[in-house]
Amino acid sequence: MDSRFIKDTEDASETDLAKHNEDDYVEIKEQMYKDKLASLKRQLTQLQEGTLQEYQKRMKKLDQQYKERLRNADLFLQLETEQVERNHIKEKKAAVKEFDDKKVELKENLISELEEKKKMIENEKLTMELTGDSMEVKPIMTRKLRRRPNDPVPIPDKRRKPAPAQLNYLLTDEQIMEDLRTLNKQLKSPKHPVSPSSPDHMPTTPVEVPSQRYEARIEEGKLYYDKRWYHKGQAIYLESKENTKISCVISSVGTNEIWVRKTSDSTKMRIYLGQLQRGAFVIRRRSAA
């Protein structure tokens, strides 16, 4: 009986110890939960007040990133502004240069047109001097007599005045000038002492007009030559009667002529349509490369 009692006592002691340990574990767990809850509440309060250390660290890091991005944005804006200003200055210089080039080109075209008109006027004047014609019409001085009382009233002459003579040129300007120089030399020589207006010593056969070897005309600022169109800035070869071949670029196209610029020394030449039509100069296309 004593042994059984001792055994029951030992079992009861073990049960009480296990129960006591379980109560301590629950109490400790509950205490840990309360401590954790209190810590979270304290952190929440600090977060709301802005004094939480982890929050301050993250805010400091975000502030540094913000300042860095702001500094990079300022640098990028400065670089973009400088690039825009450089492009503006470059475009402005290009526009001024293009304006000056256009102004020089327009001036050269106007000068060439005026020279052409002046040359035509000089040709007409020289032609009239050689043929004895004059543009000035001098009035004929007539003497009027007093009409007698029985004389009939004179009837005014209503005949139509003759139309002024018109000059139709079949030759180019250079050919006309050459013919006029030849006639002038012949008329000034001792073999022809008579005046140029004498009909007996004027040439009776007309000067032969050379047939046009090439078709050349200018339309809308472009040159149509030998079944091809040529425009300003096009690279060409210019061949002359002396078998010379020059590399050129068309600098401008006028109304009756073109200007070309030599690629060797950048000098400019003026070529008339008449010279292209009779083959004094021949144009060939050239690659711009």
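To be clear, the structure that these remarks concern was listed above.
Because the structure is a prediction, the values reported are computed rather than measured.

Asks: Describe the nonpolar core, with residues and values.
Replies: Formed by 21 residues in total, the largest nonpolar core has its most connected members in Leu223, Tyr225, Val260 and Ile283. Those elements that place two or more of their residues in this core are strand E1 (216-219), strand E2 (222-225), strand E4 (235-240), strand E5 (245-253), strand E6 (257-262), strand E7 (268-272), helix H4 (273-277) and strand E8 (281-285). In contact with Tyr225, not counting residues within four places along its chain, are Tyr214, Glu215, Ala216, Tyr230, Leu276, Phe281, Val282 and Ile283.

Asks: Outline the pattern of salt bridges, listing residues and values.
Replies: Applying the stated criterion across every chain, the model contains 10 salt bridges. A salt bridge links Lys67 to Asp63; the shortest N-O distance between them is 3.4 Å. Placement of both Lys67 and Asp63 in helix H2 (residues 53-131) is noted, with a separation of 4 residues, approximately one turn of the helix. Ionic pairing is found between Glu105 and Lys232, a salt bridge with its closest N-O pair at 2.6 Å. Here Glu105, found in helix H2, pairs with Lys232, found in the loop between strand E3 (228-230) and E4; they are 127 residues apart in sequence, far enough to count as distant. By relative accessible area, Glu105 is classed as buried at 17%. One connected set of salt bridges, linked through shared partners, spans Glu215, Arg217 and Glu219.

Asks: Could you give an account of the pairing of E5, with specific residues and numbers?
Replies: Inspection of the sheet shows E4 paired to E5 by 5 bridges, in the antiparallel sense. When the bridges of E5 are listed, Leu238 appears paired with Ile246. Here E4 folds back onto E5, and the loop between the two strands holds 4 residues, one of which, Asn243, carries a positive phi near 65°. The pairing of E5 with E6 spans 5 bridges and is classified as antiparallel. Across the sheet, Val249 pairs through a bridge with Arg261, a residue of E6. In sequence, E5 turns back onto E6 through a hairpin of 3 residues.

Asks: Run through the packing of aromatic side chains, naming residues and quoting values.
Replies: Aromatic ring pairs are reported here in terms of the distance separating the ring centres and the angle at which the planes meet. Counted under the stated rule, the structure contains 3 aromatic pairs. Summarising the aromatic geometry, the rings of Tyr225 and Tyr230 are spaced 6.4 Å apart at their centres and angled 55° between planes, so their arrangement reads as tilted. Each member of the aromatic cluster is reached from another via a ring pair, and the members are Tyr214, Tyr225 and Tyr230. Here Lys245 stacks its cationic end above the ring of Tyr237, 4.4 Å away from the centre of that ring. It is Arg285 that lies over the ring of Tyr230; its NZ or CZ is 5.5 Å from the centre.

What counts as what
- Residues numbered from 1 in each chain as written.
- Predicted model: local features only at pLDDT ≥ 70, side-chain atom pairs only at ≥ 80, totals over all residues.
- Heavy atoms only, no water.
- Core = buried A, V, L, I, M, F, W, Y, C linked by side-chain atoms within 4.5 Å.
- Buried < 20%, exposed > 50% of the residue type's maximum accessible area, 1.4 Å probe, protein only.
- Helix = DSSP H or I, 4+ residues; strand = E, 2+ residues; numbered from the N terminus.
- Contact = heavy atoms within 4.5 Å.
- Salt bridge = Lys/Arg side-chain N within 4 Å of Asp/Glu carboxyl O.
- Pairing = 2+ DSSP bridges.
- Phe/Tyr/Trp six-rings, centres within 6.5 Å; stacked < 30°, edge-to-face > 60°.
- Lys NZ or Arg CZ within 6 Å of the ring centre and 35° of its normal.

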